[in-house]
Amino acid sequence: MKATDYKLALLVLSGGGVDFAHLERVRHALYYRYPNLDLVDVCVPDAHLALARQALTAFSIRGFDETKFWEYPVAVIVLDKDGQGVGYDKIDFNLCRVYEADRWGMLRYCRQGLDEIEYPHVDAHVFNRLAAGLGNERMTYFPYGYTSQYVGLGPIDAFGHRIAGNLSDYAGRDPSHVLIAIFGGSAAWSTHTLHDEMFSTQLERRLNEYCERENSPLRISVVNLAQPSGVTLNDIISYMLFCFEAKPDIVIAHCGANDLAFGQTSDRYLVAEHKIVYQFQFERWAEILECGTDEKVTDLQWDNIPILTYPRQILEAFTSRIKQFEQLVAQSGKHFIAGLQPMIFSKSQYSDMEAEWMAQNEKIFWGPVLKNMDYLYAELLGKYPTLGCEHFVNLHQAYGKYSATESLFCDAVHTTPQGDQVIAEIYSEYIIANMLGHFLQS
């Protein structure tokens, strides 16, 4: 069966504590996967039925006893805030496609491998086929770097970018059609938002609404070429591999955190002498490829990885690559924006949800790498106030005005849907004020 053949699905709640907005987001994510669903039913353990019906009046909810689990070809177990779900024993995993939905709405297929329903591009090229068995949320081997498989939040292209169509469709477009390309790491990819919530989608929507209000002939498209864990050197390569022929009119590098984090853990010679920063996972890949062993020499994680470089080397590597990216775009006659992404310490006060994450992840946040980020941001802005670029947007500073009443972060670096909305607002205001007029004159 194809994804479009499925007509019926079931959401399985653990109790009555799920709110309407979250359930709507889970259902929205499900429709990304199965666009032709006619009916999405909801069930809950009988002990919680009365409370669930009271809290979710917009849904028709049944108890487990009256739910015919065997009738549903698709089921989503909606996890509670502690990551726990129920109903697994009610479902035949051999007959039903079963997912878990986390607190941010990501759907995770309960089988390891990805098929054409989970990832329509799984057979697009040899490297996707080889990586299909790794499952969701993976960095995958690819020439000139890596790609990724994050398939639970909406459409992605054959290389893991959050793009529903083809970049080639933008080549040779009308001059009034302005293309904006977003680059960066997982915060730019927006790992905790659905496709229509990520800031790149919201930016496109806001700019087109502005053009309509102003009776402008411009049409705006925004494409997201970010990759989880990506650094600026990865962005430059992605720009050349996937985006150069589309000739985006504006390139936004939403960056900072990964370059400064991985810059601490990369080989000192490569960082200091060649401005090369890379993900520490590549050292593990090299062990496997070159040493022919699956045994881990060292199990490196964010809370135990050693610091190998000095701040000056990290900052010089980052700013030199950003300036190189800007020059590459400018030589094509296009516009470049360097955006310093916010981190949780950008806020002066934390919401209850943000404070909860800090308390639960103290070992990671105060580990070798993350504890240095506040200092590195301060040093970066002190020595390179605009990162050396003509167009600079300081989202780190902008986030400083937000208080404990706004939950903008899910963790140290990844923003909530509300956080992505703030980012879209800041970028749209900058582009409207500094760039859109240029396209009306040309």
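Computed from a predicted model, the values in this text were never measured in an experiment.

Criteria and cut-off values
- Residues numbered from 1 in each chain as written.
- Predicted model: local features only at pLDDT ≥ 70, side-chain atom pairs only at ≥ 80, totals over all residues.
- Heavy atoms only, no water.
- Helix = DSSP H or I, 4+ residues; strand = E, 2+ residues; numbered from the N terminus.
- Rg over C-alpha atoms; globule rule 2.2 N^0.38 Å.
- Buried < 20%, exposed > 50% of the residue type's maximum accessible area, 1.4 Å probe, protein only.
- Contact = heavy atoms within 4.5 Å.
- Areas by Shrake-Rupley, 256 points an atom, 1.4 Å probe, with all protein chains shown as cover.
- Lys, Arg positive; Asp, Glu negative; His and termini not counted.
- Charge placed at Lys NZ, Arg CZ, Asp CG, Glu CD.
- Pairing = 2+ DSSP bridges.
- Salt bridge = Lys/Arg side-chain N within 4 Å of Asp/Glu carboxyl O.
- Domains from an automatic or database assignment.
- Buried area = accessible area lost by both parts, 1.4 Å probe.
- Polar contact = N/O pair within 3.5 Å; in protein donor to acceptor, adjacent residues only side chain to side chain.
- Nonpolar A, V, L, I, M, F, W, Y, C, P; charged D, E, K, R; others polar.
- Axes fitted to C-alpha atoms, helices over the stretch in contact; angles between N-to-C directions.
- 1 Å grid on protein atoms, 1.4 Å probe; cavity = no way out; pocket = protein on both sides within 12 Å on 5 of 7 lines; lining within 4 Å.
- Points joined across faces, edges and corners; volume = space filled by probe spheres on them.
- Phe/Tyr/Trp six-rings, centres within 6.5 Å; stacked < 30°, edge-to-face > 60°.

### Concerning the overall build of the chain
For step 1, the next point in the chain: Along the chain, the regular secondary structure elements total 16 helices and 13 strands.
For step 2, the next point in the chain: The C-alpha radius of gyration of the chain comes to 23 Å, within 12% of the 22 Å expected for a compact globule of 442 residues.
For step 3, the next point in the chain: When its C-alpha atoms are laid out on the principal axes, the chain stretches across 65 × 60 × 45 Å.
For step 4, the next point in the chain: Counting every position in the chain, which comprises 442 residues, the buried fraction comes to 55%.
For step 5, the next point in the chain: Taking contacts inside the chain between residues at least 6 apart in sequence as the whole, the part at least 24 apart equals 71%.
For step 6, the next point in the chain: Per element, the accessible surface of the chain, about 19900 Å² overall, is 50% carbon and sulfur.
For step 7, the next point in the chain: The chain carries 36 positive and 56 negative side-chain charges, and their two centres are separated by 1 Å.

### Brief notes about the pairing of strand β10 (residues 219-224)
For step 1, the next point in the chain: Of all six residues in β10, five are buried; the element is thus mostly enclosed.
For step 2, the next point in the chain: Bridge count between strand β9 (residues 177-184) and β10: six bridges; the pairing is parallel. Across the sheet, the residue bridging to I180 is V222, located in β10.

### Thoughts on the pattern of salt bridges
For step 1, the next point in the chain: Applying the stated criterion across every chain, the model contains 18 salt bridges.
For step 2, the next point in the chain: Sharing partners across several salt bridges, the network here consists of R33, R97, D115 and E118.

### Here we look at the domain arrangement of the chain
For step 1, the next point in the chain: Once the domains are mapped, the chain shows domain 1 (3-109), domain 2 (114-148) and domain 3 (153-441).
For step 2, the next point in the chain: The C-alpha-based centres of domain 1 and domain 3 are spaced at 33 Å.
For step 3, the next point in the chain: Taken together, the contact between domain 1 and domain 3 spans eight residues of the former and 13 residues of the latter.
For step 4, the next point in the chain: Regarding the contact of domain 1 and domain 3, the summed buried area is about 960 Å², with carbon and sulfur atoms giving 65% of it.
For step 5, the next point in the chain: Summed over the three residues of domain 1 that lose the most area to domain 3, namely R25, Y32 and W104, the buried surface amounts to 64% of that side.
For step 6, the next point in the chain: Run the count over domain 1 and domain 3 and you get two residue pairs in polar contact (both at pLDDT 80 or more).
For step 7, the next point in the chain: Along the lines of polarity and charge, the residues of the side of domain 1 that touches domain 3 split into four nonpolar, two polar and two charged.

### A closer look at the sheet that holds strand β11 (residues 250-255)
For step 1, the next point in the chain: One open sheet accounts for five strands, arranged β10-β9-β11-β12-β13; its pairing is parallel. Each edge of the sheet is formed by a strand with only one pairing partner; in this case those strands are β10 and β13 (392-394). Each neighbouring strand pair of the sheet contributes to a mean axis angle of 20 degrees, computed without reference to strand direction.
For step 2, the next point in the chain: One ladder, built from six bridges, connects β11 with strand β12 (residues 335-340); its direction is parallel. Among the inter-strand pairings, H254 is bridged to a residue of β12, identified as G339.
For step 3, the next point in the chain: The strands touched by helix α5 (residues 199-213) are β9, β10 and β11; relative to β10, the strand with the most contacts, the crossing angle is about 175 degrees.

### Examining empty space enclosed by the protein
For step 1, the next point in the chain: Across all of its chains, the model carries three cavities of 30 Å³ or more by this definition.
For step 2, the next point in the chain: Taken together, F142, P143, Y144, G145, Y146, T147, Q227, N234, I237, S238, L241 and F242 make up the lining of the largest cavity.
For step 3, the next point in the chain: Mapped by element, the contributors of at least two residues to the lining of the largest cavity are β8 (145-149) and α6 (232-243).
For step 4, the next point in the chain: Residue contributions to the lining of the largest cavity peak at five residues, all from α6.
For step 5, the next point in the chain: Its residues assigned to classes, the lining of the largest cavity comprises seven nonpolar, five polar and no charged.
For step 6, the next point in the chain: When we break the lining of the largest cavity down by domain, the ones giving at least three residues each are domain 2 (114-148) and domain 3 (153-441).

### Some remarks on the packing of aromatic side chains
For step 1, the next point in the chain: Within this structure, the stated rule accounts for 28 aromatic pairs.
For step 2, the next point in the chain: Pairing F20 with F59 gives two aromatic rings, centres 5.6 Å apart and planes at 50 degrees, and the pair type is tilted. With F20 in helix α1 (residues 20-33) and F59 in the loop between α2 (49-55) and β3 (61-63), this residue pair connects regions lying 39 residues apart in the sequence.
For step 3, the next point in the chain: With relative accessibility at 40%, the residue F20 sits in the partly exposed group.
For step 4, the next point in the chain: Aromatic side chains Y146 and F282 sit 6.2 Å apart centroid to centroid with 65 degrees between the ring planes, which places their arrangement in the edge-to-face category. Of the two residues, Y146 is situated in strand β8 and F282 in helix α9 (residues 281-291); the sequence distance between them amounts to 136 residues.

### Topic: the environment of A181
For step 1, the next point in the chain: Note that A181 resides in strand β9.
For step 2, the next point in the chain: Exposure remark for A181: the relative accessible area of 0% places this residue in the buried category.
For step 3, the next point in the chain: Separated by 115 residues in the primary sequence, A181 and E66 have C-alpha atoms spaced 50 Å apart.
For step 4, the next point in the chain: Not counting residues within four places of it along the chain, the set of residues in contact with A181 comprises V223, L225, C243, P248, I250, V251 and I252.

### Some thoughts on the sheet that holds strand β4 (residues 74-78)
For step 1, the next point in the chain: Here we have six strands laid out as an open sheet, ordered β3-β2-β1-β4-β5-β6, and mixed in their pairing. Among the strands making up the open sheet, the edge pair consists of β3 and β6 (107-109). Strand-to-strand twist in this sheet, taken as the mean axis angle between neighbours without regard to direction, amounts to 30 degrees.
For step 2, the next point in the chain: As paired strands, β4 and strand β5 (residues 97-101) are joined by five bridges and run parallel to one another. Considered in β5, the bridge of A75 is made with V98.
For step 3, the next point in the chain: α1 rests against β1 (8-13), β2 (39-44), β4, β5 and β6 of the sheet, and its axis sits at about 150 degrees to β4.

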